[in-house]
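Each chain, letter by letter, is given below.
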Amino acid sequence: MITTVTLNASVDKAYHMTGAIENGTVMRVARVCNTAGGKGLNVARVAKACGSDVQATGLVGGFNGRYLESLAQADGITSNFGHIAGETRSCINVLDPKYRSTEYLEPGTRVSSEELDAYLDEFPSIIADSDVVTLSGSLPAGVGADTYQRLVRLVKDAGKQVILDTSGEALRLGIEAGPTMIKPNRNEIEALFGITVTS
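Residues numbered from 1 in each chain as written. Predicted model: local features only at pLDDT ≥ 70, side-chain atom pairs only at ≥ 80, totals over all residues. Heavy atoms only, no water.

Undergrad: Mind laying out the overall build of the protein chain, listing which residues take part and the relevant values?
TA: Within the protein chain, the secondary structure is distributed over six helices and eleven strands. A compact globule built from 199 residues would reach a C-alpha radius of gyration of about 16 Å, and the protein chain, at 18 Å, matches this within 12%. Evaluated residue by residue, the protein chain yields a buried proportion of 42% over its 199 residues. A total accessible area of about 10,400 Å² is found for the protein chain, and carbon and sulfur atoms account for 51% of it. Put simply, the protein chain has 18 plus and 23 minus side-chain charges, and the middle of one group is 7 Å from the middle of the other. (Helix = DSSP H or I, 4+ residues; strand = E, 2+ residues; numbered from the N terminus. Rg over C-alpha atoms; globule rule 2.2 N^0.38 Å. Buried < 20%, exposed > 50% of the residue type's maximum accessible area, 1.4 Å probe, protein only. Areas by Shrake-Rupley, 256 points an atom, 1.4 Å probe, with all protein chains shown as cover. Lys, Arg positive; Asp, Glu negative; His and termini not counted. Charge placed at Lys NZ, Arg CZ, Asp CG, Glu CD.)

Undergrad: Tell me about the environment of Leu135, residues and numbers included.
TA: Inspection of the secondary structure assignment puts Leu135 in strand β9 (residues 132-136). You can call Leu135 buried: its relative accessible area is 0%. In the structure, Leu135 is positioned 31 residues away from Thr166 in sequence and 7.7 Å away in space, judged by C-alpha atoms.

Undergrad: Before we move on, can you summarise unusual backbone geometry with the specific residues and values?
TA: Phi is positive for Arg100, close to 75°, though the residue is something other than glycine. Assignment of secondary structure puts Arg100 in the loop between β7 (89-95) and β8 (102-105).

Undergrad: Which residues make up the packing of helix α4 (residues 147-157) against helix α5 (residues 168-176), and what are the values?
TA: It is the contact of α4 with α5, at a shortest axis distance of 7 Å, that shows an interaxial angle of 30°. Classified by the angle their axes make, α4 and α5 are roughly parallel. Considering only the axes of α4 and α5, their crossing is right-handed. Packed against α4, whose contacting residues are Tyr148, Gln149 and Val152, the element α5 presents Ala170, Leu173, Gly174 and Glu176 at the interface. Taken together, the residues of the contact of α4 with α5 break down into four nonpolar, two polar and one charged. (Axes fitted to C-alpha atoms, helices over the stretch in contact; angles between N-to-C directions. Parallel < 35°, antiparallel > 145°, perpendicular 65-115°, else oblique. Left-handed = near helix turned anticlockwise from the far one by under 90°. Contact = heavy atoms within 4.5 Å. Nonpolar A, V, L, I, M, F, W, Y, C, P; charged D, E, K, R; others polar.)

Undergrad: Which residues make up the sheet that holds strand β3 (residues 31-37), and what values go with them?
TA: Read across the sheet, four strands follow the order β3-β2-β7-β8 without closing on themselves; strand pairing throughout is mixed. Each end of this open sheet is capped by a strand with a single partner; those strands are β3 and β8. Put simply, the sheet's adjacent strands are angled 15° from each other on average, direction ignored. Bridge count between strand β2 (residues 10-16) and β7: seven bridges; the pairing is parallel. Paired with His16 across the strands is Leu95, a residue of β7. Against the sheet, helix α2 (residues 62-74) contacts β2, β3 and β7, and its axis sits at roughly 90° relative to β3. (Pairing = 2+ DSSP bridges.)

Undergrad: Mind laying out the packing of helix α3 (residues 113-126) against α4, listing which residues take part and the relevant values?
TA: Where α3 contacts α4, the two axes come as close as 10 Å, and the packing angle between them is 20°. Relative to α4, the element α3 is oriented roughly parallel. For the crossing formed where α3 meets α4, the hand is right-handed. Mapping the contact onto sequence places Leu116, Asp117, Leu120, Phe123 and Pro124 in α3 and Thr147, Arg150, Leu151, Leu154 and Val155 in α4.

Take it as geometry only, folks, not as evidence of what the structure does.
Dropping the structure here:
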């Protein structure tokens, strides 16, 4: 089984527009598509579509958190999320003929150290039946840059393979824990090594 971890999950809202955006006016949305979002949930959706046994985990809270869990269930994705007091964020993607895609990404609610520690305590049991664990995306406010490092170590201690897909300091510290694989893009590689990729 593949377990995907999304610590900064979101309800992703795609606003489909029939006309070009006109700033400073009232715009009518033609169609709305809501999905359980965040990089890890996108990984879960693709893994499920490819026929893998998958579960999603991470941190969710409030009405949006419950809605996100219901959206994941509607996609056929089993979930086992940790719950926090704050409200899960929403992220909006406006799709229109002129600009094509404009994203508005909320930062995410603050997670307390107590909430994170409670989740990390439960994490080994959440991944007990997993063969591979993926750690994907940004970290929520209040969570230290070493959080993925801590999760990589928990996964390795459990004898599982772990794939890390994040950026910046969280990626640098996560690599120190020796994940099975990392998936940086070009910009992340350049930032990590202080180089410019030319080929």
